[in-house]
Amino acid sequence: MRGSRRAQRGVALLGLLAVAVMVFAYVLTSRLNAASQFVGIDRDDNAKALAQAKRALIGWMALNAAGTDANPGRLPCPEAPGDYGTVNEGRAAGNCTLPAVGRFPWRTLGLEKLADADGEPLWFVVSPGWALSNSTSPPLQTLINSDSQGQLSFEGTTPVALIVAPGPALVAQAGTGCTAWTQSRPVAGPPDLRNYLECENATSPADATFVASRAGQTFNDQVLPVMAADVIPALEAAIADRAQREVAPALKSAAYVLDSSNPRRWVASSNPPIYPYATPFSDPTTSNYLGALGTYQGLLPFNPAQSSVAYQATPADAVETLGFGYIMFQTCSWETADARLCEGRYHEYDTDPTQPIRIQMIATFTNVAMGLRVLDTSQLLVEARDDGSTGPWTPVATSYRAEMNDGSTAGKPRGSVTFRFWGTLPNIDVMGWDTQANFRIRINRAVIADHCLLSISTGTACPSGGPDTSWFARNQWQRNSYYAVAQNNTAAVLPSVGGCDSTNCLRLNDSGNRNIYLLLTLAGRRLDTQTRPSASLADYLEFQNADAGTLYEQHPMRSSKITNVPLNAPWNDRLILVDWVASNPPVAPGPQVVTLAPVRLTQLP
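Criteria and cut-off values
- Residues numbered from 1 in each chain as written.
- Predicted model: local features only at pLDDT ≥ 70, side-chain atom pairs only at ≥ 80, totals over all residues.
- Heavy atoms only, no water.
- Helix = DSSP H or I, 4+ residues; strand = E, 2+ residues; numbered from the N terminus.
- Contact = heavy atoms within 4.5 Å.
- Areas by Shrake-Rupley, 256 points an atom, 1.4 Å probe, with all protein chains shown as cover.
- Pairing = 2+ DSSP bridges.
- Axes fitted to C-alpha atoms, helices over the stretch in contact; angles between N-to-C directions.
- Disulfide = S-S within 2.5 Å.
- Buried < 20%, exposed > 50% of the residue type's maximum accessible area, 1.4 Å probe, protein only.
- Bend = angle between axes of the 7 residues up to and from the residue.
- pLDDT = per-residue confidence, 0-100.
- Phe/Tyr/Trp six-rings, centres within 6.5 Å; stacked < 30°, edge-to-face > 60°.
- Lys NZ or Arg CZ within 6 Å of the ring centre and 35° of its normal.
- Core = buried A, V, L, I, M, F, W, Y, C linked by side-chain atoms within 4.5 Å.
- Salt bridge = Lys/Arg side-chain N within 4 Å of Asp/Glu carboxyl O.

Trainee: What's the story with the overall build of the protein in this structure? I'm lost.
Mentor: Within the protein, the secondary structure is distributed over 5 helices and 29 strands. If you take every contact in the protein between residues at least 6 apart in sequence, the share linking residues at least 24 apart comes to 66%. Surface accessibility of the protein: about 26700 Å² in total, with carbon and sulfur atoms responsible for 54%.

See the structure below:
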């Protein structure tokens, strides 16, 4: 009986133990489930904060790109480390060592302070090439266009930036890709990224490699990548607007306006403008951007003058042109490969010493109509002084004339320019120099210079008094620009004055009736069907814009005319009107039309 009671008590104890185990398991499971649900809520909350930060980042970039930012497309640097814990926290540093890792610059972006579910402010990583570097080589400049990519490495992708929810502090264990670190969150002093991020994300100093997770390691970073594909569409919209306001007037100022009495002479005139030939389309990353005779559509003629403009022959020696006085002797030589100098002695007019003596040099330059050129008359020199004197030279004012050749003169190809300049030497009697004096006259090939649109120097106003257009060439937007000019607005029409009409102008498939002399098409980011870099125009432009014809079209969704392009077709071309006149019936300029009068290349004396 006693044994039976012991057995019963044993069974009861086992039952109680089983119940206790079941209760413990239930409580443990409930708590784990609750913890799991809480983690899910944390990640959802973090995702909302990260997404808000990403939207604000792209909006900030686009707003600045469409404005006056000298580096359109750039992203802000992370928070300036010295602003941590001050009234300025959340303010982006003016420049940073790239790749840069720091706290998210919420104040600069016009946001409230964004934090993760644990109350920690978000962190931010920006790729090389996408923010202003504090390096002096390259200087504080970016290189961002439609084909730019990020240079960060993140789970097999190359983001332009990362936004990170750091989570609560933890004790990171050493392991693959991870360095042991006990995190703390000080309330003062520049924050150490190792106290907030883990493993590859916490490399100090920062490198370009980041991860979303690290299996088997202590890790709680929640990372949202910002890809080029997220940023570029907004950037392209901003650039198209800015190009219409800034680049179109600059290109219009590159016209060679010709004199009706001498169709080859550059003067201020109301005649139709002459624009450079286009560069034959080829791989934009390897093209020399030199225009070519008979080419009216292609890449922008962005070839630097110093690499293509050349003397057709040795400039002629100086001559006296008025018939009063004479050059006694002179010696002409090359000071440099670009500068031709003639120096000698001139004699007053014996019959009437009061008569003026004028000397002149002439040179012909090739490849002028093959690029965006202007005249730099600071490269001309005429000076005089008393013979036998070793004192300073007296500068002489110069006048000049430039005439574009039509190819009818031997040795002077179409599109070349014959340039002559002269100066009236000081009267020898008035100067008290007896009857003769010394002179020197110099011309430098750099008198044919680059148009201001080719400049990458920040602060370049183009045209003179206009906005800073250095962002265009510095970020190599010419690689994504297709240049189209009406044939009758090139040197092909010389020696007559051109000007397109309804039969040979460029056309746009909108409701406006315009005779278009010149337009640009901005090629958007590469579509899935396109390969870049490429020598095929279809890898940059879409449908009718890629057929080398004279009819261009906006996307059908933005056009009032029906085309054969499906409404859902992939399309990201953007058209920039540069120069046009209204055809019959007259059409009022639309909001995208540039009406700024061209700045003439030169004035005759």
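What follows picks up the thread again.
Trainee: Where do I start with the pairing of strand β15 (residues 326-334) in this structure?
Mentor: For a regular strand, side chains alternate in direction, first toward one face of the sheet and then toward the other. Sheet topology note: the β15/strand β16 (residues 339-347) ladder contains 8 bridges and is antiparallel. Within the sheet, the bridge partner assigned to Ser333 lies in β16 and is Leu341. Following β15, the chain reverses through 4 residues before pairing antiparallel with β16.

Trainee: What should I look at first to understand the sheet that holds strand β27 (residues 514-522) in this one?
Mentor: The strands that make up a sheet pair up through hydrogen bonds in the backbone, lying either parallel or antiparallel. Strand order in this open sheet of 4 strands is β12-β25-β27-β29, and the pairing throughout is antiparallel. Lying at the two open borders of the sheet, with one neighbouring strand each, are β12 (297-299) and β29 (574-582). Each adjacent strand pair in this sheet contributes to an overall mean axis angle of 20 degrees, direction not counted. In the sheet, β12 pairs with strand β25 (residues 481-485) via 3 bridges, with the strands oriented antiparallel. Bridged to Leu299 within β25 is Tyr482. Contacts between helix α2 (residues 228-252) and the sheet are confined to β27 and β29, with β29 contributing the most and set at about 30 degrees to the helix.

Trainee: Where do I start with the state of the cysteines in this structure?
Mentor: If you walk through the whole model with that rule in mind, you get 5 disulfides. Between the sulfur atoms of Cys452 and its disulfide partner Cys462 the distance amounts to 2.0 Å. Judged by the sign of its S-S torsion, about 65 degrees, the bond between Cys452 and Cys462 is right-handed. Remark: Cys462 occurs in the loop between β24 (448-450) and α5 (470-474) and Cys452 occurs in the loop between β24 and α5; sequence separation between them is 10 residues. On the accessibility criterion, Cys462 (0% relative accessible area) is buried. Sequential numbering of the bridged cysteines in the protein gives the disulfide pattern 1-2, 3-4, 5-6, 7-8, 9-10.

Trainee: Could you clarify how one ought to interpret unusual backbone geometry in this entry?
Mentor: Backbone phi values are negative for most residues with the exception of glycine, while trans is the configuration of most peptide bonds. Here Cys462 and Pro463 are connected by a cis peptide whose omega angle stands at -5 degrees. Along the chain, Pro463 turns up in the loop between β24 and α5. For the bond from Leu494 to Pro495, the omega torsion is 15 degrees, close enough to zero to count as cis. Among the secondary structure elements, Pro495 is positioned in the loop between β25 and β26 (507-508). Unlike most non-glycine residues, Tyr289 shows phi in positive territory, near 60 degrees. Looking at the element boundaries, Tyr289 is found in the loop between β11 (273-274) and β12. Of the residues examined, Tyr289 reaches a relative accessible area of 8% and is grouped as buried.

Trainee: Hey, could you run me through the side chain of Asn480 in this one?
Mentor: Relative to the helices and strands, Asn480 is located in the loop between α5 and β25. Owing to a relative accessible area of 2%, Asn480 belongs among the buried residues under this scheme. Beyond its immediate stretch of four places on either side in the chain, Asn480 contacts Asn145, Ser146, Asp147, Thr521, Leu522, Ala523 and Arg532.

Trainee: Can you help me understand α2 in this one?
Mentor: Since the α-helix packs 3.6 residues into each turn, any two residues three or four apart lie on the same face. The largest bend in α2 amounts to roughly 45 degrees and is located at Ala243. Of all 25 residues in α2, 18 are buried; the element is thus mostly enclosed.

Trainee: What's the story with the confidence of the model for the protein in this structure? I'm lost.
Mentor: Low pLDDT marks stretches whose predicted atomic positions should not be read closely. When pLDDT is averaged along the protein, the result is 86; 83% of the residues meet or exceed 70. In this model residues 11-39 is a low-confidence stretch, pLDDT under 50, and it forms 0 contacts with partners more than four residues away in sequence or in other chains. Segment residues 585-605: pLDDT under 50, and 52 contacts once partners within four positions in sequence are set aside and those in other chains are kept.

Trainee: Even after reading the chapter, I still don't get the sheet that holds strand β23 (residues 436-444), so can you show me in this structure?
Mentor: Strand order in this open sheet of 5 strands is β15-β16-β23-β19-β20, and the pairing throughout is antiparallel. Strand pairing shows two members of the sheet lacking a second neighbour, β15 and β20 (394-395), which therefore form its edges. Pairing analysis gives 9 bridges linking β16 to β23, with the strands arranged antiparallel. Bridging from a neighbouring strand, Gly344 pairs with Phe439 of β23.

Trainee: Looking at this structure, how should I read the packing of aromatic side chains?
Mentor: Two aromatic rings, taken as a pair, are described by how far apart their centres are and by the angle between their planes. By the definition in use, this model includes 13 aromatic pairs. With centroids separated by 6.1 Å and ring planes inclined at 45 degrees, the aromatic side chains of Tyr277 and Tyr296 adopt a geometry described as tilted. Of this pair, Tyr277 sits in the loop between β11 and β12 while Tyr296 sits in the loop between β11 and β12; the two residues are 19 residues apart in sequence, bridging distant segments of the chain. With respect to burial, Tyr277 and Tyr296 carry one shared label: buried. The structure contains a cluster of three or more aromatic residues connected by ring pairs, namely Phe281, Tyr482 and Tyr540. Positioned above the aromatic ring of Trp580, the side-chain terminus of Arg514 is 5.3 Å from the ring centre.

Trainee: Got a minute to help me understand the nonpolar core in this structure?
Mentor: Where a protein is soluble and globular, its nonpolar side chains tend to be buried together. Phe104, Phe365, Phe419 and Ile443 are the most contacted members of the largest nonpolar core, which totals 116 residues. Sort the elements by how many residues they give to this core and α2 lands first, with 12 residues. Apart from residues lying up to four places away in sequence, Ile443 is in contact with Tyr311, Pro315, Asp338, Ala339, Arg340, Met361, Ala363, Phe365, Gln379, Leu380, Phe419 and Phe421.

Trainee: Mind showing me how you'd approach the pattern of salt bridges here?
Mentor: Any two side chains of opposite charge can pair, given that their charged atoms come close. Here the structure, examined in full by the defined rule, presents 17 salt bridges. Put simply, Asp83 and Arg91 hold a salt bridge, and the shortest N to O gap is 2.9 Å. The exposure class of Asp83 is buried, given its relative accessible area of 7%. A salt bridge links Arg103 to Glu89; the nearest nitrogen and oxygen atoms lie 3.1 Å apart.

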